[in-house]
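Below, each chain spelled out in residue letters.
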Amino acid sequence: MSNNNYPLPFLFLIITLSCSFNFSTVTSSTYNVIQFGAKPDGITDSTKAFLNAWTKACSSPYPAAIYVPQGKFLLGTVTFNGNCANKAISITIDGTLIASSNYRVAGKASNWLSFQNVDGVSSRGGVLDGQGTALWNCKNSNTRNCPTGATTLEFFNSKNIMISGLTSINSQMFHIVFYGCQYVKTQGVKIVAAGNSPNTDGIHVQMSSHVTIVNSKIQTGDDCISIGPGTNNLWIEKIECGPGHGISIGSLGWELNEPGVQNVTVKTVTFTGTQNGVRIKSWGRASNGFVRNVFFQDAIMVNVQNPIVIDQNYCPNNKNCPGQASGVKISDVTYQDIHGTSATQVAVKFDCSSKYPCSGIKLEDVKLTYKNQVAEASCNHAGGAALGLVLPESCF
């Protein structure tokens, strides 16, 4: 029988040579956008330089890095296309990327910065300034010729994405969108827009799976986080939301044939002065969509207008859905350890579909007050159970 009890110095040498070999066979390159002509003056258009840096990183057969140093870099609308030669592109941003101050430049595009069909992209740090204030003012003045506006950052049909330490301010429309993505982690993100900024959702997830959003602070004029059709296996934790419209599943049910939402967890969230806390919303019209297996846990409400709400009769201006009941089926939704204050007397409102009533709703250890008194609960077409201390008293 052989003796494998080698002396420690020999083992150390073997390990050292092995590590050295591994590192020497993998070459990584860093592409500084300055080297491609980007100017950190906030005036010179650096779009082409950023695209050229991306092209180099994308075509590298080895892991590659893109570096954006301190300074302000003006960028037009830009799409970073994937199908790269490697699956490990890291982007480090120490500076600020700014959109044009003329909102019509990007306002007619769907996105300002878009990554499409990428795999294995990580981004760390940086500030994205959408310069959306002028467009908000245009929309809030009821001027008819305002462009829709652009999403600041979109990932489309992508996977294995990591975003950390990013700040997005003053987006024209949505700040960050994940559409058709798998295996995404977003952490330490800060999102800031005025409370009256229209349609400036913080993070929007749709047609995506295995997405994690943690340790982030979102202040905006619409939903802090919005969850669209086709979302499953979504984990949201340690979020500060407000101002804004809360964390919303929906609006759902606009399309007749629409994929559902399932396996969503929202926990350890603080809502401050928001329009809603945790909300599920669907259009009052025919649809085969659904919502199931949703878990809201450990939420603190601070002067929230609608802390817990299901609204299946969403129909702005009573257009496109007169008299129609929502076809979206909502089931197995749990609200656990929800505490705090409501800005309105009705703190819990389940306004479900008359055609497909909500089922399997569970309230456990909920305490919401209104002006230091017990608030009220309202139920329409909702069925479920209450466990532990539940105030306001369940209306099931």
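A. Broad picture of the overall build of the chain. Broken down by element type, the chain carries four helices and 31 strands. Based on the C-alpha atoms only, the size of the chain along its principal axes is roughly 75 × 70 × 40 Å. The 396 residues of the chain split such that 49% are buried. Averaged over its 27 positive side-chain charges, the chain has a centre that lies 7 Å from the centre of its 22 negative ones.

B. Structural view of the pairing of strand β9 (residues 119-124). Pairing geometry for strand β6 (residues 89-93) and β9, over four bridges, is parallel. Along β9, the bridge assignment pairs Ile91 with Ser123. In this structure, β9 lies alongside strand β12 (residues 159-164), joined through five bridges in parallel fashion. Each residue of the ladder has a partner; that of Arg124, found in β12, is Ser164.

C. Seen up close, the state of the cysteines. Per the stated rule, a full pass over the model turns up six disulfides. The disulfide that involves Cys58 links it to Cys84, with 2.1 Å between the sulfurs. Between Cys58 and Cys84, the S-S torsion sits near -105°, and that sign places the bridge as left-handed. One end of the pair, Cys58, is in helix α2 (residues 47-59); the other, Cys84, is in the loop between β5 (78-81) and β6, and 26 residues separate them in sequence. Here Cys224 is linked by a disulfide to Cys241, with a sulfur-sulfur distance of 2.1 Å. Taking the torsion about the S-S bond as the criterion, the Cys224 to Cys241 disulfide, at about 85°, is right-handed.

D. View of the sheet that holds strand β25 (residues 306-314). Sheet architecture is open: 11 strands sit in the order β5-β8-β11-β14-β17-β19-β21-β23-β25-β27-β30, paired in parallel fashion. A strand with exactly one partner marks an edge of an open sheet, and here the two such strands are β5 and β30 (376-380). When the angles between neighbouring strand axes are averaged without regard to direction, this sheet yields 15°. Two elements, β25 and strand β27 (residues 346-351), share four bridges in a ladder whose sense is parallel.

E. Here's a closer look at the environment of Ser359. Relative to the helices and strands, Ser359 is located in strand β28 (residues 358-370). The residues touching Ser359, leaving out its near neighbours within four places in the chain, are Ile330, Ser331, Asp332 and Gly383.

F. Spotlight on α2. Helix length check: α2 (13 residues) gives 18 Å between terminal C-alpha atoms against 18 Å at 1.5 Å per residue, within 8%. Those residues of α2 lying buried are Thr47, Ala49, Phe50, Ala53, Trp54, Ala57 and Cys58. For α2, the arc enclosing every buried residue in end-on projection is 165°, short of the 170-degree limit, so these residues lie on one face.

G. Region of the structure containing the nonpolar core. Leu97, Phe155 and Tyr335 are the most contacted members of the largest nonpolar core, which has 87 residues in total. In this structure, Leu97 is in contact with Phe50, Val68, Phe73, Leu75, Trp112, Leu113, Val127, Leu128 and Asp129, ignoring residues within four places of it in sequence.

H. The arrangement of the pattern of salt bridges in detail. Counted according to the given criterion, the structure contains two salt bridges. In this structure, Asp119 and Lys87 form a salt bridge, with 3.7 Å as the shortest nitrogen-oxygen distance. One end of the pair, Asp119, is in strand β9; the other, Lys87, is in the loop between β5 and β6, and 32 residues separate them in sequence. For Lys87, a relative accessible area of 62% corresponds to the exposed category.

I. Layout of the packing of aromatic side chains. On inspection of all chains with the given rule, the structure shows 13 aromatic pairs. Ring geometry for Trp54 versus Phe115: centroids 5.6 Å apart, planes at 80°, classification edge-to-face. Here Phe115 lies in strand β8 (residues 111-116) and Trp54 lies in helix α2, a separation of 61 residues in the sequence. Accessibility classification places Trp54 together with Phe115 in one group, the buried group. Taking 5.7 Å as the distance between ring centres and 40° as the angle between the ring planes, the aromatic pair formed by Tyr335 and Phe350 counts as tilted. Here Phe350 lies in strand β27 and Tyr335 lies in strand β26 (residues 329-342), a separation of 15 residues in the sequence. A relative accessible area of 0% means that Tyr335 is categorised as buried. Linked through ring pairs, Trp54, Phe80, Phe115, Phe155 and Phe178 together constitute an aromatic cluster. Taking the ring centre of Trp254 as reference, the NZ or CZ of Arg285 above it sits at 4.0 Å.

J. Examining the side chain of Ser46 more closely. As for its placement among the helices and strands, Ser46 is situated in the loop between β2 (41-45) and α2. Apart from residues lying up to four places away in sequence, Ser46 is in contact with Ala38, Lys39, Phe73, Leu74 and Leu75.

Scoring rules and cut-offs
Residues numbered from 1 in each chain as written. Predicted model: local features only at pLDDT ≥ 70, side-chain atom pairs only at ≥ 80, totals over all residues. Heavy atoms only, no water. Helix = DSSP H or I, 4+ residues; strand = E, 2+ residues; numbered from the N terminus. Buried < 20%, exposed > 50% of the residue type's maximum accessible area, 1.4 Å probe, protein only. Lys, Arg positive; Asp, Glu negative; His and termini not counted. Charge placed at Lys NZ, Arg CZ, Asp CG, Glu CD. Pairing = 2+ DSSP bridges. Disulfide = S-S within 2.5 Å. Axes fitted to C-alpha atoms, helices over the stretch in contact; angles between N-to-C directions. Contact = heavy atoms within 4.5 Å. Expected span 1.5 Å × (residues − 1). Arc of directions from axis to C-beta. Core = buried A, V, L, I, M, F, W, Y, C linked by side-chain atoms within 4.5 Å. Salt bridge = Lys/Arg side-chain N within 4 Å of Asp/Glu carboxyl O. Phe/Tyr/Trp six-rings, centres within 6.5 Å; stacked < 30°, edge-to-face > 60°. Lys NZ or Arg CZ within 6 Å of the ring centre and 35° of its normal.

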